[in-house]
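The chain contents come next:
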Amino acid sequence: GAKLEDEIIRVQQIIQAAEMDFQLEGNIHLTHTPLLVENVLSMCLKEAATNIVKHSNASKCRVSVHQTDTEVIIQVQDDGIGISGKIDSFHGHGLQGMKERLEFVNGSLEVRSHNGTTLNIRVPNIVQ
Ligand code: ATP
Ligand code: MG
C-alpha cells in the first residue's frame, strides 16, 4: 500500500510550508502491513505534524520509520518547546485520539519531552 508514503509526503509539505527543516529516516515502504494499521499510522503522522506546526515552535522535525519482523516503529521528533502533562490529560484531543486508535490495533503511543517533543508510535505487523 502507498498510504503511509503519501501521508509522509504531505507531512513533509506542511512542515516545510511552516519553514521548518524536515528530515526523514528509515524505510517508508512497509511490507505485509494491514491496511487498517497503515491507515492508523497515517492518521497519527498527520496529527503529529499538525501539532508540531500548531504548538511546538520548533525549527526541525524528524520522522523515522522502521519495520522489524514483528512491528512498525515510527518516531516523530521536534526541537521545539516540549510538551507537559500526560496523554491521559488531553481529553478529546488529537493525542488522546491517536492513543485510542493505536490501542485498537494493539499498538502504543509514548510521548517524551526532552529537547523538544518525541512521539514513539509502535504497532505490531499483525493485528491479533
Ligand atoms: P486538537 O488536536 O484536538 O486540534 P490540540 O492539538 O490542542 O487540539 P492535542 O493534539 O491532544 O490537542 O495536544 C494536546 C496539547 O499538547 C496541545 O494543546 C499542546 O499544548 C501540546 N502539544 C502537542 N504536541 C506538541 C508539540 N509537538 N510541541 C509542543 N506542545 C505540543
Ligand atoms: Mg492536536
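Conventions adopted
Every chain is numbered independently, its residues counted from 1 as its sequence is written. The lettering of chains begins at A and the numbering of ligands begins at 1, in the order of writing. For this predicted model, a pLDDT threshold of at least 70 governs which residues receive local features, and a threshold of 80 or more governs which side-chain atom pairs are given and counted, while totals over whole chains, interfaces and linings are taken from all residues. Hydrogens and water molecules were not included; the side-chain quantities draw on all heavy atoms of the structure. In this scheme, strands are said to pair when DSSP sees at least two bridges between them. Helix and strand definitions here come from DSSP, where helices need a minimum of 4 consecutive H or I residues and strands a minimum of 2 consecutive E residues; each element is numbered from the N-terminal end. With the strands pointing away from the viewer, any crossover whose connection runs clockwise from the first strand over the helix to the second is right-handed. Salt-bridge detection follows one rule: a side-chain nitrogen of Lys or Arg within 4 Å of a carboxyl oxygen of Asp or Glu. Lines fitted to C-alpha atoms define the axes here, with helix axes fitted over just the stretch in contact, and angles between the N-to-C directions of these axes take values from 0 to 180 degrees. Geometric relationships in this document are graded by angle, where less than 35 degrees denotes roughly parallel, more than 145 denotes roughly antiparallel, 65 to 115 denotes roughly perpendicular, and other angles denote oblique. Every residue pair with non-hydrogen atoms within 4.5 Å of one another is taken to be in contact. As a working rule, the residues Ala, Val, Leu, Ile, Met, Phe, Trp, Tyr, Cys and Pro are called nonpolar, Asp, Glu, Lys and Arg charged, and the rest polar, with Gly in that last group.

Asker: I'd like a description of the pairing of strand β1 (residues 21-26), backed by residues and values.
Answerer: Inspection of the sheet shows β1 paired to strand β2 (residues 60-67) by six bridges, in the parallel sense. Its bridge partner being in β2, Leu24 is matched across the sheet by Val63. Where the polypeptide runs from β1 across helix α2 (residues 35-56) and back to β2, its parallel neighbour, the crossover connection is left-handed.

Asker: A description of the pattern of salt bridges should follow, citing residues and the corresponding values.
Answerer: Applying the stated criterion to the full structure yields five salt bridges. We note a salt bridge from Glu71 to Arg122, for which the minimum N-O separation is 2.8 Å. Of this pair, Glu71 sits in strand β3 (residues 71-78) while Arg122 sits in strand β5 (residues 117-124); the two residues are 51 residues apart in sequence, bridging distant segments of the chain.

Asker: Describe the packing of helix α1 (residues 3-17) against α2, with residues and values.
Answerer: The N-to-C vectors of α1 and α2 enclose an angle of 5 degrees; their axes lie 9 Å apart at closest approach. Here α2 runs roughly parallel to α1, going by the angle between their axes. Across the interface between the two elements, Lys3, Leu4, Glu7, Ile8, Val11, Ile14 and Ile15 from α1 touch Glu38, Asn39, Leu41, Ser42, Leu45, Lys46, Ala49, Thr50, Ile52 and Val53 from α2. A breakdown of the residues in the contact of α1 with α2 according to their chemical character gives ten nonpolar, three polar and four charged.

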